[in-house]
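Given next are the chains, with one letter for each unit.
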Amino acid sequence: MLSVKEYQTVSNIQGPLMMVEMVDEAKYGHIVDIELGDGSIRHGQILQVENDKVLVQVFEGTSGIDVKNSKVRFLARPLEFGVSPDILGRVFSGLGVPKDDGPEIIPEKRLDINGQPINPYGRDYPNEFIQTGISTIDGLNPLVRGQKLPIFSGSGLPHDDLTAQLARQATVLGKGEAFAVVFAAMGITFEAAQFFIDDLHNTGAIERAVMFVNLANDPAIERIATPRFALTAAEYLAYDQGMHVLVILNDMTNYCEALREISAARKEVPGRRGYPGYLYTDLATIYERAGRIKGNKGSITMVPVLTMPEDDKTHPVPDLTGYITEGQIILSRSLARQGVSPPTDVLPSLSRLKDKGIGEGKTREDHASLYNQLYAAYARGKEMQELATIMGEAALSDEDRKYMEFANKFEDRYISQDYYENRSVFQTLDLGWELLSMFDNVDLKRIDLQLIEKYMTKYRTGKSKAKEAAD
Amino acid sequence: MTEKRVGRVVKVAGPVVVAEGMAGARMYDVVRVGQLNLIGEIVELRGDTASIQVYEETTGIGPGEPVLDTEASLSVELGPGLIESIYDGIQRPLDALVEREGEFMSRGSDVPGLNREKKWRFKPTVSEGTKVSPGDIIGEVDETTLMVHKIMVPPDISGTIKSISEGEFTVVDTVAVCVAEDGTEHELMMMQRWPVREPRPISRRLAPEKLLVSGQRVVDTFFPITKGGTACVPGPFGTGKTVVQHQLAKWVDADVVVYVGCGERGNEMTDVLTEFPELKDPRSGEPLMRRSVLIANTSNMPVAAREASVYTGITLAEYFRDMGYTVALMADSTSRWAEAMREISTRLEEMPAEEGYPAYLGARIAAFYERAGRVQCLGSPDREGGLSVIGAVSPPGGDLSDSVVQATLHVVKVFWSLKGELAYQRHFPAIDWLTSYSFYKQYLRGCFEDKDQGREMEKMTGAAMGLLEQESELVEIVRLVGAEALSPRDRLALETARSIREDYLHQNAFHEVDTYTSMEKQYEMLKTVLHFHHQGLEAIQAGAETADIFKLAVREDIARAKYVPQEEIDKIRRIRDTIEQQMKPLHSTAASK
Ligand SMILES: Nc1ncnc2c1ncn2[C@@H]1O[C@H](COP(=O)(O)OP(=O)(O)O)[C@@H](O)[C@H]1O
Ligand SMILES: [Mg+2]
């Protein structure tokens, strides 16, 4: 190996950044070790090199670093993670250092945490339905293996319960293949992280889990590396070990804030709300690591969690995320207030990959028409709910009232679901038919008559008999 | 080979590298950077210092490393083999890269855009002794079952054909020799090169006046685009920009489709790659891939190559236009291109204008769309070509005051405005009928061979739009005073507007039949929807109750007319008879009351 060069030429420290001078042979993107006067070590990454001046971002922050006594060692390599099958069941810091009291890990190989972009021609289209047991996902916004589907939440909303349920229940119908969970915590509370870890313990999934934990009181800049460590572990497990990996990144808003801090310290021209103009590109290098590779057994399914500041979907973090991910599940404060739990805001939620994961042979032939119809009916019902709050129910026509009633029932029975209730996709589909049975065929424009005939009849007979009796 | 100029790296900041010792280099020269041999392009020159945008990840590059000037500007290779290809932003074939290096992109790879080994059957169309000038077609190659590739004299060569031969050739074999006036001999091969940032020459521009039919009802009927026209599709995420682009790429009646995935999702390109070979062109029955070229520089691929990708795409498109073809280019998304421009500009420390975008943003966008058009092609035989450009725009938060949207609206002639609320109701395509527009509407009638039918379609379109506008006013009234206040005619108008929206405009891209609607079927469907309205008005006149009108069973047929296959189109005509049959009894019951 090359000899490591050491410099004691720190000239400038500002925020999380540090300038080192008179350096030769520094390379963009490589990492450094910083030895402080007291012998403690910090880690940094090169953000820019100009002649012999090097700009370094310090993951643990710069407090306590001084210009005079600090020694900087240039390690001539990018940030890497040492992988081996032994990473399963282990807990690491946000910078990939073991944090539990397990044995030292002897790496099989060391991988650049930035990975490499997947060649679009090398991708395999995700089309394997994952049953989560949650109706609003399975019925309306199905998740498939290799998809990236984030949860847009707000502070205080139950995204932790929902993610835990998802991790607990997710299975592929009729298959018992090797799966793993990679969990990256970025700036969340100890309690939130522990909740998830306990849940993995309770289900026994902990042995198939890898955790990278950067808590709210851990260094903020470290968070920039955390999801990349997690994805490097995931890629190893998926593409080297042939596992199906579920990656949970929680909370991406904290990640973006760390990025904003660096950008501000560099005095870059700020974009919207102070986030850097390259936020989209940066997020893409994380999210696009989900997927499937041709001819490879493994897969990476990703569920990033983020809290929308002020519940605003147009805030840059959810906005740019939604532009990259393959849909989004949105939680709504107003539904939560109404007692709908989980408070999934169905209308703006979306799964972009659903269409190739469902239907005959995958779930059931009626799946697509059914969700289209449920969406249309619920959208109209939602409008009527609003109209009723403005003008009073009396102002609605009979037709309108029927839609409002549908929306109420839909929220009550379809959207609402216990966090421990695991509904099969068929139960979810049947529930949809049952709820729609209050409408006549004319109102069910999005469903083929044959399907109505086949799946609706049993829910209608009761009704029509009652009607006959009344006549 | 002459000694190439070599400078040295002095600065690396993300995708921008600065090099010294580059005296004599030209703007937009392609360079190779560092030990890793990364591909870059000069985007700024100051004295002997060059700023370079690097098309690959720059990690590991540092000061002192060499920078080699190739002394050529960023160009693409043009010739047989383009069709059915998938390239990255700088025309590296992604399939060849997978074969060579695996499923992940590595750096410094150098694979030519056109396969050098593959042989094509070249058939001359001129003979020895013919005088030729730039753009003249000298031969043909059957590239795919859908594409006769015309081999043209490059734009800088003219003279007399000294020899030309039929046979099997690679793209770099000599197929003809041309002697210039001054006696110099040029060996012509099938491949030529063209710098991507320069429009290819044409003879003259013509007004675009033929519709580019898309089979998408809301587009063709209300907001059509033309062969040679320009359009944009802005909208927040999840509103259907990509699906609109995919639908157009699949179904427009163009000879060639160039699809540029610019800074968007990898899986969307995989989707195209897996779907296009399966889908059949409705006119020829051949797989759609046989007329398509894909450029994929997804969001996780290097940002500088993303900036180049739209130019690579449009240059390929122009080349096919020059053969006399109708070409359609889709760019999804132009916002990502603009952001790439912004990112490079920031690293160059240029003065930012609005939202941090460089001051030249508007000019670049305008220049890009200006490359569209219907043209008289250069050279003989006389021929016309067309290049339509359709750009998706992804404004932050869906806000239409965004710089990229505004700069685009200055130049394009069609605006398909996607609306979040429509998408949330799953009304697709979520094109807002009240705010979208097309400056090509007057050409709709030209789509029909029968002139009367064309005029009628135009009238129906006007009537339908009138009802939709009326609906938006009536909805306001209902919100204020309740539905009770409406007259029977108003109620019918509301129901018909709903029918126009749900039974006509709503179109499911994933339904086997509904995904494409011929112009003839669009005519029949719209006529049927409006027929119900007219019959309804008459019934009301005769005293019928609106509630009874709305209950007629025929409305179910109207709603399902979209699923009637093209071959059974007569069924839609028959629905109009059924409407009359079911409406009649309402007249008599009303009369008897
Ligand atoms: N014409 C359509 N028919 C059916 N579904 C559609 C249609 N257009 C859009 N969608 C749905 O909306 C989703 C988002 O569309 P997409 O084009 O990816 O949005 P955008 O590119 O604007 O983010 C798609 O995955 C699909 O489910
Ligand atoms: Mg899109």
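Preceding block: the structure.
Now for a look at the structure at hand. Keep in mind it's a predicted model, so treat the numbers as computed, not measured.

### Structural notes on the overall build of chain A
A count of helices and strands for chain A gives 12 helices and 21 strands. Expressed as lengths along the three principal axes of its C-alpha atoms, the size of chain A is roughly 95 × 50 × 40 Å. Of the roughly 17,900 Å² that chain A leaves accessible, carbon and sulfur atoms contribute 49%. Side chains of chain A carry 52 positive and 67 negative charges; the gap between the two charge centres is 3 Å.

### Re the pairing of strand β5 (residues 49–54) of chain B
All names here are of chain B. Across the 6 residues that make up β5, a large majority, 5, are buried. As judged from the 4 bridges shared by strand β2 (residues 16–20) and β5, these two strands associate in the antiparallel manner. For V16, the partnering residue across the bridge sits in β5 and is Q53. Pairing geometry for strand β4 (residues 38–46) and β5, over 6 bridges, is antiparallel. Residue I42 lies in a different strand from β5, and its bridge partner there is I52. The hairpin formed by β4 and β5 contains 2 residues between the paired strands, and G47 there has a positive phi angle of roughly 55 degrees.

### Examining helix α11 (residues 488–505) of chain B
Taking 1.5 Å of rise per residue, 18 residues should cover 26 Å, and α11 of chain B covers 24 Å from first to last C-alpha, within 8% of that figure. Of all 18 residues in α11 of chain B, 13 are buried, a share of seventy percent or more.

### Focus: the site of ligand 1
Around ligand 1, the surrounding shell holds 17 residues, and the nearest of these are R352 and K354 of chain A together with G238, K241 and V243 of chain B. More than one chain reaches ligand 1: the nearby residues come from chains A and B. Contacts to ligand 1 include T239 of chain B, whose backbone N or O atom sits 3.3 Å from an oxygen atom. Note that an oxygen atom of ligand 1 is positioned 2.7 Å from one of the side-chain N or O atoms of K241 of chain B. Residues belonging to the shell around ligand 1 are distributed by class as follows: 7 nonpolar, 6 polar and 4 charged. Each of domain 2 (204–444) and domain 3 (451–592) of chain B contributes no fewer than three residues to the shell around ligand 1.

### Quick look at unusual backbone geometry
The residue after N250 of chain A, namely D251 of chain A, is reached through a cis peptide bond having omega 20 degrees. Among the structural elements, D251 of chain A can be located in the loop between β17 (244–250) and α5 (252–265). In this chain, S341 of chain A is followed by P342 of chain A through a cis amide linkage whose omega measures -5 degrees. Along the chain, P342 of chain A turns up in the loop between α8 (333–337) and β21 (350–351). Here N37 of chain B, not a glycine, exhibits a phi torsion of approximately 65 degrees, which is positive. For N37 of chain B, the location among the structural elements is in the loop between β3 (29–33) and β4. Among the residues examined, N37 of chain B registers a relative accessible area of 35% and is labelled partly exposed.

### Section: the sheet that holds strand β10 (residues 131–132) of chain B
Residue and element names in this part refer to chain B. Read across the open sheet, the 4 strands follow the order β10-β13-β15-β16; overall the sheet is antiparallel. Each edge of the sheet is formed by a strand with only one pairing partner; in this case those strands are β10 and β16 (185–189). Across 2 bridges, the pairing between β10 and strand β13 (residues 159–164) is antiparallel. Directly across from K131, in β13, lies its bridge partner T160.

### Re the packing of α5 of chain A against helix α6 (residues 279–287) of chain A
Residues and elements named next belong to chain A. Between α5 and α6, whose axes approach to 12 Å, the crossing angle comes to 135 degrees. Between α5 and α6, the angle is such that the two are oblique. Helix-helix and strand crossings are classified by hand; for α5 and α6 the assignment is right-handed. Contact with α5, carried on its side by M252, Y255, C256 and L259, involves L279, D282, L283, I286 and Y287 of α6 and no other residues of that element. Here the residues of the contact of α5 with α6 sort into 8 nonpolar, no polar and 1 charged.

Conventions adopted
Residues numbered from 1 in each chain as written. Chains lettered and ligands numbered in written order. Predicted model: local features only at pLDDT ≥ 70, side-chain atom pairs only at ≥ 80, totals over all residues. Heavy atoms only, no water. Helix = DSSP H or I, 4+ residues; strand = E, 2+ residues; numbered from the N terminus. Areas by Shrake-Rupley, 256 points an atom, 1.4 Å probe, with all protein chains shown as cover. Lys, Arg positive; Asp, Glu negative; His and termini not counted. Charge placed at Lys NZ, Arg CZ, Asp CG, Glu CD. Buried < 20%, exposed > 50% of the residue type's maximum accessible area, 1.4 Å probe, protein only. Pairing = 2+ DSSP bridges. Expected span 1.5 Å × (residues − 1). Near = heavy atom within 4 Å. Polar contact = N/O pair within 3.5 Å; in protein donor to acceptor, adjacent residues only side chain to side chain. Nonpolar A, V, L, I, M, F, W, Y, C, P; charged D, E, K, R; others polar. Domains from an automatic or database assignment. Axes fitted to C-alpha atoms, helices over the stretch in contact; angles between N-to-C directions. Parallel < 35°, antiparallel > 145°, perpendicular 65-115°, else oblique. Left-handed = near helix turned anticlockwise from the far one by under 90°. Contact = heavy atoms within 4.5 Å.

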